[in-house]
Amino acid sequence: MDINLSTLDLAIFGIYILGVLLLGLYASRKGKQTKRDYFLAGDKLPWWMIGGSIIAANISSHHLVGAMGAAYDRGFVVIAMEWGAILVGFNALLWIFLPFYIRNGFYTVPEFLQRRFGAAARSVYAFLILLTYVFVEISAVLYLGALALHALLGIPVFTSVLVLAALTGIYTILGGLRAVIWTEMMQLGILVIGGAILTVATMNAAGGIDALTATMQDWHLFLPADDPDFPWTMYLGGVLCISTFYCATNQFIVQRVLAAKNEWHARMGVIFGDYLKFLVPLIITLPALVAYKIVPDLEKPDLLFPMLVKMLLPSGLVGLVMAGLIAAVMSHLSGAINSCTTILTVDVYLAFFKKDASESEAVRFGRLAGTIIIVLGILCTILLMSYSDKPIFIYLMNAYGLFTPGIATMFLLGILWKRTTEAGALTAGLLTIPLSLLLEYSFPSMPFFNRTGIVFWICMLACAVVSLATKPKTEAELKGLIWSRESLTLEPHEKEMQRGWRNPAIWWALITALVLFFYIRFP
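A brief structural summary. (Residues numbered from 1 in each chain as written. Predicted model: local features only at pLDDT ≥ 70, side-chain atom pairs only at ≥ 80, totals over all residues. Heavy atoms only, no water.)

### As for the layout of surface pockets
Under the convention used in this document: Only protein atoms enter the 1 Å grid used here, on which a cavity is any set of points holding a 1.4 Å probe that cannot leave and a pocket is any open set flanked by protein within 12 Å on both sides along at least five of seven lines; residues with an atom within 4 Å of a point are listed as lining. Grid points are joined across faces, edges and corners, and a volume is the space filled by probe spheres set on the points. The secondary structure listing takes helices from DSSP runs of H or I that are at least 4 residues long and strands from runs of E that are at least 2 residues long, numbered from the N terminus. By the convention adopted, Pro, Cys, Tyr, Trp, Phe, Met, Ile, Leu, Val and Ala count as nonpolar, Lys, Arg, Asp and Glu as charged, and the other residues, Gly among them, as polar.
As a volume, the largest pocket reaches approximately 260 Å³. Lining the largest pocket are 17 residues, and of these Gly75, Phe76, Thr215, Asp218 and Leu289 sit closest to its centre. Elements with a contribution of two residues or more to the lining of the largest pocket: α4 (61-74), α10 (209-215) and α13 (263-290). Broken down by element, the residue count for the lining of the largest pocket peaks at 4 residues, all from α4. Residue composition of the lining of the largest pocket, by class: 10 nonpolar, 4 polar and 3 charged.

Below, the structure is given as structure tokens:
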């Protein structure tokens, strides 16, 4: 399906790649060589940069390619995972976890578990999250990005994997979070512009707005309980578990909040991310819903994106949309790599091997860890190259279900229930993978969302039972670590910032009402 790119397409694509590299390298020279600067951009991020970078890191090739393919195959319900994050995961971050992360000055999410439970819980999280990043985030994004480049340009998939990993790794390893955030903001703009162009072109080719409205009779966010991929029962546990993990306890997302100027900027950043989280999935999903009129009976749904680019876009716009795709890949990869290096440095190297390491030694190890993570990601990508039973987006959700129930349990019970003990948290963390694999083996036809929900509630029950049978921490030890109503308000010196229309609650209420409208209108 390779396309003969015009000189204009190649120029636009080349200018974009060069621009990202130069911006990333420039950003890497702006910061100081300290841990706080390398891993948290010096705690200087404003709200618009936090929200923009959260979504730029979140939306990747598994959305432009994977979610578009899944929407073509399964319909409007695919958007439920994205909008569900607004109602569940980002709400958990905004109203429950964020104050504790910011007020305690954490570098990483596992540091909360260290303070709440102990070193063992911190280590279990670090192990589970690193597996998730390498096997799910990095490898899948590399594969889907490479698959699209292969379909568009005829470049061998593995060659594309190597090029994408190398280009992203250069500025990510050198510049840390500052370089990641700066390039993500540029990439978000390109991603949205490129996605919008393809959406408009697809809608026009399919018959305009009438073609879209004709599909609304099939828009459903709640499918029958026996649906193999998206049963309505997913909202009883699977969505709650995965969304809470991904948005509220995931270093990949939370690291941008940890780098905020202050708590007001952190809260407004998350809410701004909600608005982008509502808009961007629409840009991705709507063209897939009408694409059957242009490309009926597509055997491999993950090829829909490159197919539409090839068929519908003129010279010049192809290069811009391709730049949008690569922007999605590179922003997601850079965020995942940076999160891995932060956890390996702060939660492994500094915690267990060299507690007295200097600032420069910590940064040096972070760069070495980043290089190793990229190599592992490339190797794991090979495992996905033969996957073709279902759209990759559904594979990703399935893979999240293996790791997330225990993590979500540790954090939710740890912050909401003071009786939770380290033994209970460890029980949940260690049960998640064996239980998930056992259910998958015993009930292979069970929808993965249901399986994830069952494992989640078993982990919650096991954690509660073990906690009741073991000695809890004292009130003094738990001070500042358990949620209370005071957590909902800003600290006194920041309250002046939220007067009138600057109040985060107003903007939160507006986007929440908009999402709820769609759930009520299209059940």
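Once the structure has been displayed, the description carries forward.
### Notes on the side chain of Thr108
The test is simple: Contacts: residue pairs with any heavy atoms within 4.5 Å of one another.
Within the element layout of this structure, Thr108 appears in the loop between α6 (89-103) and α7 (110-116). Not counting chain neighbours up to four residues away, the residues in contact with Thr108 comprise Gln251, Leu258, Thr342, Ile343, Val346 and Asp347.

### Some words on the environment of Ala505
For clarity, the cut-off: With a 1.4 Å probe rolled over the protein chains alone, any residue whose accessible area is under 20% of its type maximum counts as buried; one over 50% counts as exposed, and the rest are partly exposed.
Within the fold, Ala505 resides in helix α20 (residues 504-521). Note on Ala505: relative accessible area 32%, which makes it partly exposed. C-alpha separation for the pair Ala505 and Leu130, spaced 375 residues apart in sequence, amounts to 34 Å.

### Re the packing of helix α12 (residues 251-258) against helix α15 (residues 317-353)
Packed helices, taken two at a time, are described by the angle between their axes plus the distance between the axes. Definition in use: Comment: axis = line fitted to C-alpha atoms, over the contacting stretch for helices; angle = value between 0 and 180 degrees taken between N-to-C directions. For classification purposes, an angle smaller than 35 degrees is called roughly parallel, one larger than 145 roughly antiparallel, one from 65 to 115 roughly perpendicular, and anything else oblique.
Axis separation between α12 and α15 bottoms out at 9 Å; the angle between their running directions is 80°. By the angle class used here, α12 and α15 are roughly perpendicular. The segment α12 lies against α15, with Gln251, Phe252, Gln255 and Arg256 engaging His332, Gly335, Ala336, Asn338, Ser339, Thr342 and Ile343.

### With respect to the pattern of salt bridges
Spelled out, the test is: By definition, a salt bridge exists where a carboxyl oxygen of Asp or Glu is found within 4 Å of a side-chain nitrogen of Lys or Arg.
Applying the stated criterion to the full structure yields 8 salt bridges. With a shortest N-O distance of 2.8 Å, Glu263 and Arg103 are connected by a salt bridge. Highlighted residues: Glu263 in helix α13 and Arg103 in helix α6, separated in sequence by 160 residues. The exposure class of Glu263 is buried, given its relative accessible area of 1%. Given a relative accessible area of 34%, Arg103 falls into the partly exposed group. As a salt-bridge pair, Arg122 and Asp347 come within 2.5 Å of each other at their nearest N and O atoms. With Arg122 in helix α8 (residues 119-153) and Asp347 in helix α15, the pair connects residues that are 225 residues apart, well separated along the chain. Residue Asp347 is classed as buried on the basis of its relative accessible area, which comes to 1%. Shared partners join several salt bridges into a network, and the residues in it are Arg74, Asp227 and Asp229.

### Quick word on α6
Note the following rule: In this analysis, the expected span of each helix is defined as 1.5 Å times one less than the number of residues it contains. Two axes are fitted around each residue, one to the seven residues ending there and one to the seven starting there, and the angle between them is reported as the bend at that residue.
End to end, α6 covers 20 Å across 15 residues, agreeing with the expected 21 Å (1.5 Å per residue, within 8%). The largest bend along α6 reaches roughly 60° and is located at Phe97, with the proline Pro99 sitting one to four residues downstream. Within α6, 13 of the 15 residues are buried, which leaves it mostly tucked inside the rest of the structure. Count one or two residues on from α6 and you reach Gly105, which has phi positive near 65°.

### Quick notes on α12
Think of an α-helix as 3.6 residues a turn; residues three or four steps apart then line up on the same face. For α12, the buried fraction is high: 8 of the 8 residues fall into the buried class. Buried within α12 are the following residues: Gln251, Phe252, Ile253, Val254, Gln255, Arg256, Val257 and Leu258.

### Looking at the environment of Lys473
Heads up, the rule is: Contacts described as polar in this section are N or O atom pairs within 3.5 Å, which, within protein, must combine one atom able to donate a hydrogen with one able to accept it, while residues neighboring in sequence count only if both atoms come from side chains.
With respect to the secondary-structure elements, Lys473 resides in the loop between α19 (448-468) and α20. Taking the C-alpha atoms as reference points, Lys473 and Arg116, separated by 357 residues in sequence, lie 8.8 Å from one another. Not counting residues up to four positions away in its chain, the partners in contact with Lys473 are Arg115, Arg116, Phe117 and Leu478. Within the structure, the side chain of Lys473 is placed 3.1 Å from the backbone oxygen of Arg116, a separation counted as a polar contact.

### Things to note about the packing of helix α9 (residues 157-206) against helix α14 (residues 304-312)
Relative to each other, α9 and α14 sit at 70°, their axes nearing to 10 Å. Considering their axes alone, α9 and α14 lie roughly perpendicular with respect to each other. Contacts from Leu198, Ala201, Thr202 and Ala205 in α9 reach Phe305, Leu308, Val309 and Leu312 in α14. Class assignment of the residues belonging to the contact of α9 with α14 gives a composition of 7 nonpolar, 1 polar and no charged.

### Considering the packing of aromatic side chains
Describing an aromatic ring pair means giving the distance of the ring centres and the angle of the ring planes. Selection criterion: Only the six-membered ring of Trp is used, alongside the rings of Phe and Tyr, when aromatic pairs are assigned; centres must lie within 6.5 Å, and planes under 30 degrees apart are stacked while those over 60 apart are edge-to-face, with the rest tilted. Counting as a charge over the ring demands two things of the Lys NZ or Arg CZ atom: a distance within 6 Å of the ring centre and an angle within 35 degrees of the ring normal.
Considering all chains together, one arrives at 26 aromatic pairs under this definition. Arranged with centres 5.0 Å apart and planes meeting at 55°, the rings of Trp219 and Phe522 form a pair that is tilted. You can see Trp219 sitting in the loop between α10 and α11 (238-248) and its partner Phe522 sitting in the segment after α20, a full 303 residues away along the chain. The exposure class assigned to Phe522 is buried, which follows from its relative accessible area of 6%. By the ring-pair criterion, three or more aromatic residues cluster together here, those being Phe76, Trp83, Trp219, Phe278, Phe517, Phe518 and Phe522. In this structure, Arg256 is placed above the aromatic ring of Phe252, and the distance from its NZ or CZ to the ring centre is 5.7 Å. Above the face of the Trp264 ring, Arg502 is positioned so that its terminal group lies 4.3 Å from the ring centre.

By themselves, these figures tell us nothing about what the structure is for.
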